[in-house]
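One-letter residues, chain by chain:
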Amino acid sequence: MIAPIAALHGLSALAFAILLWITRGSPEVPATVTGDPSLPRLEGEGVVLHGRVAVPKSAPLFVVLHGGPGGDHRSLLAL
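Quick notes on the rules
- Residues numbered from 1 in each chain as written.
- Predicted model: local features only at pLDDT ≥ 70, side-chain atom pairs only at ≥ 80, totals over all residues.
- Heavy atoms only, no water.
- Helix = DSSP H or I, 4+ residues; strand = E, 2+ residues; numbered from the N terminus.
- Rg over C-alpha atoms; globule rule 2.2 N^0.38 Å.
- Buried < 20%, exposed > 50% of the residue type's maximum accessible area, 1.4 Å probe, protein only.
- Contact = heavy atoms within 4.5 Å.
- Areas by Shrake-Rupley, 256 points an atom, 1.4 Å probe, with all protein chains shown as cover.
- Lys, Arg positive; Asp, Glu negative; His and termini not counted.
- Charge placed at Lys NZ, Arg CZ, Asp CG, Glu CD.
- Pairing = 2+ DSSP bridges.

Chemist: Is there a simple way to think about the overall build of the chain in this case?
Modeler: Secondary structure assignment for the chain yields one helix and two strands. What you see in the chain, going N to C, is helices and strands ordered as α-β-β. On C-alpha atoms alone, the chain measures out to a radius of gyration of 23 Å, which is more than a quarter above the 12 Å that the 2.2 N^0.38 rule sets for 79 residues. Judged by the C-alpha coordinates and their principal axes, the chain covers about 75 × 25 × 25 Å. The proportion of buried residues among the 79 residues of the chain is 3%. Taking as baseline every contact in the chain between residues at least 6 positions apart, the subset at least 24 positions apart corresponds to 3%. Total accessible area on the chain is roughly 7,500 Å²; 68% of this is exposed by carbon and sulfur atoms. Where the 5 positive side-chain charges of the chain centre and where its 5 negative ones centre are 6 Å apart.

Chemist: Whenever I open this one, the pairing of strand E2 (residues 47-50) confuses me. Can you help?
Modeler: In regular strands, side chains alternate between the two faces of the sheet. Two strands pair when backbone bridges link them, and strand E1 (residues 41-44) and E2 are joined in this way by four bridges, in the antiparallel orientation. Following the sheet pairing, Leu42 is matched in E2 by Leu49. In sequence, E1 turns back onto E2 through a hairpin of two residues, with Glu45 there showing a positive phi of about 50°.

Written as structure tokens, this is what we have:
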């Protein structure tokens with residue numbers, strides 16, 4: 001009974017080592033408004049956010065937030 005468990009642990013360690021080797025290196029992180037001044041930004045009361053205004057300034061304010069880390073606003077452009 002111990003041999004299959006030990007083999008499973010060994011395979012798990014091997015799989016972990018392979019995944020660690022495959023994903024080595026620094027991940028590429030997109031620029032933010034603090035690192036790239038050419039990105040569209042919204043500023044107010046000491047806060048700087050990446051964003052854009054898509055309607056005339058006379059239109060009512062409507063804020064849309066995207067889903068989280070790793071995502072961006074492109075899925076919301078059809079709105």
